[in-house]
Amino acid sequence: MKKEDPIGIFDSGIGGLTVARSVKDALPNEQLIYFGDTEHLPYGDKSTAAIQAFSVKICDLLLKKGCKVILIACNSASVAAYDLIKEYVASKALVINVIDPMVNYASEYLKDQNIGLIGTRQTVASGVYQEKISEKMNGLKLQALATPLLVPMIEEGFVFNNISHDIISNYLSMPELKDIDALLLACTHYPLIQKEINDFYKSNVKVINSADPVALSLKNLLESKSLLNESPADEDSFYVSDYTASFERSTKLFFGEKIKLESYRLWS
Ligand code: DGL
């Protein structure tokens, strides 16, 4: 691994771009290689074995591109495949997930609060946040709700309209999320509707996403391994397993008009 090697980031679709943007802002000298597995989206409703198979294939590409770090910018893949990927990648690259930085953030800044969480079925059913947070915050109970309609809605660009308003209000009014002080967005797609979520709560609930905590923890990791790139990086690259115009639009929105988006089939 060398300082100038790129950082590989992947998600099922556009959600991981929220994390990639924060990484770029925190580490402007780093070159990013982003992969959105749009062919297999949504991950949140897939089996663990399927998500593991997709993740391994994506890691093959990112390793071939010489990435020094693989950042799993997807909660569902972090749940299903983090341990496997760490083993698979071994000493060829560092591996980081989106769950641990959010858990550390919650245990530092949300003491004595009623914490709610929304995420995909895969993430919520795993109970991983509950387990990790209660380890750090002595038995704290997390109120979690799976919100599977949100990812397809966001990928379709169905946001900031009547339909998204109704779906979001419906989910956030469910008894599972009653009387919370803070809400963790345990899916990297959800920051794209964070404003609608804030509007629902009229800013009475603190809504937290993982993008900045993840970028910070990546920065600390690279610093500790003396792997921060000191000179300006080469151009970022973006790949999708199934090209869609809406993915291209979102990527441009996050990274500017000049980005290069290429198709790459995981199984050719
Ligand atoms: N953005 C992802 C997550 O954080 C994946 C969502 C999905 O594909 O279902 O879980």
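Residues numbered from 1 in each chain as written. Predicted model: local features only at pLDDT ≥ 70, side-chain atom pairs only at ≥ 80, totals over all residues. Heavy atoms only, no water.

(A) Examining the sheet that holds strand 8 (residues 206-208) more closely. Spatial strand order, 6-5-7-8: four strands in an open sheet with parallel pairing. Two strands close off the open sheet at either side, each with one partner strand: strand 6 (142-146) and strand 8. The sheet shows a mean angle of 20° between the axes of neighbouring strands, direction not considered. (Pairing = 2+ DSSP bridges. Helix = DSSP H or I, 4+ residues; strand = E, 2+ residues; numbered from the N terminus. Axes fitted to C-alpha atoms, helices over the stretch in contact; angles between N-to-C directions.)

(B) Representation of the packing of helix 2 (residues 48-64) against helix 3 (residues 75-89) in the model. The interhelical angle for the contact between helix 2 and helix 3, taken along N-to-C directions, is 50°, at an axis separation of 9 Å. Taken together, the axes of helix 2 and helix 3 lie oblique to each other. As helix 2 packs across helix 3, the resulting crossing turns out to be right-handed. Here Thr48, Ile51, Gln52, Ser55, Val56, Cys59, Asp60 and Leu63 of helix 2 come into contact with helix 3, specifically with Ser76, Ala77, Ala80, Ala81, Leu84, Ile85, Tyr88 and Val89. Here the residues of the contact of helix 2 with helix 3 are counted per class, giving 11 nonpolar, four polar and one charged. (Parallel < 35°, antiparallel > 145°, perpendicular 65-115°, else oblique. Left-handed = near helix turned anticlockwise from the far one by under 90°. Contact = heavy atoms within 4.5 Å. Nonpolar A, V, L, I, M, F, W, Y, C, P; charged D, E, K, R; others polar.)

(C) Local environment of the nonpolar core. Membership of the largest hydrophobic core comes to 49 residues, with the highest contact counts inside it found for Ile118, Leu183 and Ile197. Residues Tyr43, Cys67, Cys74 and Ile85 belong to the second largest nonpolar core, which totals 25 residues. (Core = buried A, V, L, I, M, F, W, Y, C linked by side-chain atoms within 4.5 Å. Buried < 20%, exposed > 50% of the residue type's maximum accessible area, 1.4 Å probe, protein only.)

(D) The arrangement of the packing of aromatic side chains in detail. In this structure the tally under the stated criterion is nine aromatic pairs. Ring centres of Phe35 and Tyr264 lie 6.3 Å apart, and the angle between their planes is 85°; this geometry places the pair in the edge-to-face category. Of this pair, Phe35 sits in strand 2 (residues 32-36) while Tyr264 is found in the segment after strand 10 (261-263), placing the two residues 229 residues apart along the sequence. Classification of Phe35 by relative accessible area gives buried; the value is 0%. Joined through ring pairs, the aromatic side chains of Tyr34, Phe238, Phe247 and Phe255 make up one cluster. (Phe/Tyr/Trp six-rings, centres within 6.5 Å; stacked < 30°, edge-to-face > 60°.)

(E) Up close: helix 11 (residues 245-255). Of the residues making up helix 11, those classed as buried are Phe247, Glu248, Ser250, Thr251, Phe254 and Phe255. Angularly, the buried residues of helix 11 cover 165° about the axis, an arc narrow enough to put them on a single face. Away from its buried face, by an angle of more than 90 degrees, helix 11 presents the exposed residues Arg249 and Leu253. The secondary structure elements touched by the buried residues of helix 11 are helix 1 (16-26), strand 2, strand 9 (237-240) and strand 10. A positive phi of about 95° marks Gly256, the residue just after helix 11. (Arc of directions from axis to C-beta.)

(F) Region of interest: the site of the ligand. Taken together, 13 residues sit near the ligand, with Ser12, Tyr43, Asn75, Ser76 and His189 positioned nearest. In the model, a nitrogen atom of the ligand is placed 3.0 Å from a nitrogen or oxygen of the Asp11 side chain. Here an oxygen atom of the ligand sits 2.7 Å away from a polar atom, N or O, in the main chain of Asn75. For the ligand, whose free accessible area comes to 290 Å², the fraction covered by protein is 99%. (Near = heavy atom within 4 Å. Polar contact = N/O pair within 3.5 Å; in protein donor to acceptor, adjacent residues only side chain to side chain. Areas by Shrake-Rupley, 256 points an atom, 1.4 Å probe, with all protein chains shown as cover.)

(G) Quick peek at the packing of helix 4 (residues 99-109) against helix 6 (residues 128-136). The geometry of helix 4 relative to helix 6 is characterised by a closest axis approach of 10 Å and an angle of 40° between their N-to-C directions. Classified by the angle between their axes, helix 4 and helix 6 sit oblique to one another. Classified by chirality, the crossing of helix 6 by helix 4 is right-handed. Where helix 4 approaches helix 6, its residues Ile99, Asp100, Met102, Val103, Asn104, Ala106 and Ser107 are matched on the opposing element by Val128, Tyr129, Lys132, Ile133 and Lys136.

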